[in-house]
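# Architecture at a glance
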Amino acid sequence: MIRYTTPILPLEVEGIDLTQNEDVYVTLEQSCKELTKKGSDLTMSYDAQTDITSITFMLTQEETAAFALNRPVDVQVNFINASGVRDATNIATIPVMRNLLDKVIAYGD
C-alpha cells in the first residue's frame, strides 16, 4: 500500500464460508500501531466452487499515513461463531511504500 492513499485491500481465506454465522475481524499491525476492521467495514463473498471467502476493505488516508514507510504491515483475519469457536488465519504481510505527496488531500483543494 502507498501511504496517504485510500486503497481497497483484498484478502482470501480458504476452506471456510465466513459470510454465514461468523463475526470477522481483520487486523493490521506494525510495531505498536494496530488497526482492526470489522462488521460493515468489510465486504465479503464466498465461492463454494473454490471454497474461498473473499474479503475487501478500504483504508483512509489517515490510516495508511499512520504506518511507517518501508516496513511491512502484518495482516491477519480472526473469526468467531455463536458457539464461541474462534480461529485465525496465518499472518500475511503488506508492503508500505512512499508517497511523494506526503499529506492528506481533499477533493477541491
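See the structure above.
Throughout what follows, the structure given in this document is the object of discussion. In this text, all values refer to a predicted model and were calculated from it rather than measured experimentally. (Residues numbered from 1 in each chain as written. Predicted model: local features only at pLDDT ≥ 70, side-chain atom pairs only at ≥ 80, totals over all residues. Heavy atoms only, no water.)

What the rule picks out here adds up to two salt bridges. Between D102 and R3 there is a salt bridge, and its shortest N-O distance comes to 3.5 Å. In this pair, D102 sits in the segment after β8 (92-94) while R3 sits in the segment before β1 (8-14), placing the two residues 99 residues apart along the sequence. D102 sits in the partly exposed class, given a relative accessible area of 45%. Under the relative-accessibility criterion, R3 is labelled buried at 13%. Two residues, E63 and K37, come together in a salt bridge whose shortest N-O distance is 3.1 Å. Here K37 lies in strand β3 (residues 33-38) and E63 lies in helix α1 (residues 61-65), a separation of 26 residues in the sequence. The same class applies to E63 and to K37, which are both buried. (Salt bridge = Lys/Arg side-chain N within 4 Å of Asp/Glu carboxyl O. Helix = DSSP H or I, 4+ residues; strand = E, 2+ residues; numbered from the N terminus. Buried < 20%, exposed > 50% of the residue type's maximum accessible area, 1.4 Å probe, protein only.)

This part covers the environment of E29. Within the secondary structure layout, E29 lies in strand β2 (residues 22-30). Placed 47 residues apart in sequence, E29 and Q76 show a C-alpha to C-alpha distance of 8.8 Å. Discounting chain neighbours no more than four positions away, the residues touching E29 are E34, V73 and D74. (Contact = heavy atoms within 4.5 Å.)

A few words now on the sheet that holds strand β4 (residues 42-47). On the basis of which strands lie adjacent, the open sheet formed by three strands has the order β1-β5-β4 and antiparallel pairing. Edge strands, defined here as strands with exactly one partner in the open sheet, are β1 and β4. Here the strands of the sheet are splayed against their neighbours by 20 degrees on average, with no regard to which way each runs. Pairing of β4 with strand β5 (residues 52-58), which is carried by six bridges, proceeds in the antiparallel orientation. (Pairing = 2+ DSSP bridges. Axes fitted to C-alpha atoms, helices over the stretch in contact; angles between N-to-C directions.)

Our next topic: the pairing of β2. Bridge analysis of β2 against strand β6 (residues 73-81) gives eight bridges, and the strand direction is antiparallel. Across the sheet, residue D23 finds its bridge partner in β6, namely I80.

Our focus in this paragraph is unusual backbone geometry. If you check the backbone angles, Y4 has positive phi at about 65 degrees while not being a glycine. Positionally, Y4 belongs in the segment before β1. The backbone of N21 shows a phi angle near 55 degrees, a positive value even though the residue is not glycine. Mapped onto the elements of the fold, N21 is located in the loop between β1 and β2.

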